[in-house]
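# Per-entry structural report
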Amino acid sequence: MSGVRVMVVDDHPMWREGVARDLTEAGHVVVATSGEGRQAVRVAAATRPDVVVLDLQLPDVSGVEVIRGLRAVLPQVRVLMLSASGEQQSVLDAVKAGATGYLVKSAAPAEFLDAVRRTAAGEPVFTPGLAGLVLGEYRRLAAAPADAAATAGRDAAGAGPAPRLTDRETEVLRLVAKGMSYKQIADRLGLSHRTVQNHVQNTLGKLQLHNRVELTRYAIERGLDD
């Protein structure tokens, strides 16, 4: 894919500039940088990045609050958390707020750049060991019927039937719910990476969801991860 439009939000100038430099050298377009959360939301609304690389700890507001602000002004934006903290609650709070992925700052540069690319494509990207944590939390939440109906229950009583997916879209959705990457799904089904991505995008549109994280939860709440 062509260069991704990225915004970098971190309160440490040297780290922020280093990340921006790595992104630029990799062929991405750094549309803005910011060291404060509230400013980041305002600047993002004006520059419209594809991906926001966001630190969890900022001097004015938390990264979780920034995610909510970003999603309010740019519903389609993808957020990749890049944090020194790998604590479980921090990860879950960020994902529940709408982050697409979560990477700790100890990640290698190549791993980070790959994460940006995959985040832009809508893939949830997590530091090894955290993906299982997130899926486990979604399964726990899905076990509560009231919560499921309130969140992703597009087909709850009074809302009409669930949108009709094709057999292939349902098959892809089942593998998404298992936490598989686009490449893994493509290899499993004998499809191209682009075809899998198109199926996911079509399914997102039909279900009126914004990203693969929400899609994963939708699938788990309907028992498609069995």
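Residues numbered from 1 in each chain as written. Predicted model: local features only at pLDDT ≥ 70, side-chain atom pairs only at ≥ 80, totals over all residues. Heavy atoms only, no water.

### Comments concerning the overall build of the protein
In plain terms, the rule: By the criteria applied, helices consist of DSSP H or I runs no shorter than four residues and strands consist of E runs no shorter than two, each listed in order from the N terminus. Only protein chains enter the accessibility calculation, which uses a 1.4 Å probe; a residue is then buried when its area is under 20% of its type maximum, exposed when over 50%, and partly exposed in between. Contact between two residues is taken to exist if any of their heavy atoms lie within 4.5 Å; hydrogens are not considered. Only the protein chains shown count as cover for residues, and all accessible areas are computed by the Shrake-Rupley method using a 1.4 Å probe.
When helices and strands are tallied, the protein shows 11 helices and 5 strands. Counting every position in the protein, which comprises 226 residues, the buried fraction comes to 51%. For the protein, contacts bridging at least 24 residues in sequence account for 66% of all contacts bridging at least 6. By element, 51% of the accessible surface of the protein is carried by carbon and sulfur atoms, the whole surface being about 10,500 Å².

### Examining the packing of helix α8 (residues 167–177) against helix α9 (residues 182–189)
To keep things clear, this is the line we draw: Angular values range over 0 to 180 degrees, each being the angle between N-to-C directions of two axes fitted as lines to C-alpha atoms, with helices fitted over their stretch in contact. Note on angle classes: values under 35 degrees are labelled roughly parallel, values over 145 roughly antiparallel, values of 65 to 115 roughly perpendicular, and the remainder oblique. Helix crossings get a hand from a simple test, with the near helix turned counterclockwise from the far one by less than a right angle marking a left-handed crossing and a clockwise turn marking a right-handed one. Residue type decides the class: Asp, Glu, Lys and Arg count as charged, Ala, Val, Leu, Ile, Met, Phe, Trp, Tyr, Cys and Pro as nonpolar, and the leftover types, Gly among them, as polar.
Running from N to C, α8 and α9 point in directions that differ by 130 degrees, and their axes come no closer than 10 Å. It follows from the interaxial angle that α8 and α9 lie oblique. The element α8 and its partner α9 pack so that their crossing is right-handed. Judged by residue contacts, Arg168, Glu171, Val172, Leu175 and Val176 of α8 engage Ile185, Arg188 and Leu189 from α9. Here the contact of α8 with α9 is composed, by residue class, of 5 nonpolar, no polar and 3 charged.

### Regarding the sheet that holds strand β2 (residues 29–34)
Condition: Pairing between strands is defined by DSSP: at least two bridges between the two strands are required.
Read across the sheet, 5 strands follow the order β2-β1-β3-β4-β5 without closing on themselves; strand pairing throughout is parallel. This sheet does not close on itself; its edge strands, each paired only once, are β2 and β5 (101–104). Neighbour-to-neighbour, the strand axes of this sheet turn through a mean angle of 20 degrees, independent of strand direction. In this structure, strand β4 (residues 78–83) lies alongside β5, joined through 4 bridges in parallel fashion. Paired with leucine 80 across the two strands is glycine 101, which belongs to β5. In the packing of helix α1 (residues 13–25) onto the sheet, the strands contacted are β1 (5–9), β2 and β4, and the crossing angle to β2 comes to about 170 degrees.

Purely spatial values, then, with no claim about function.
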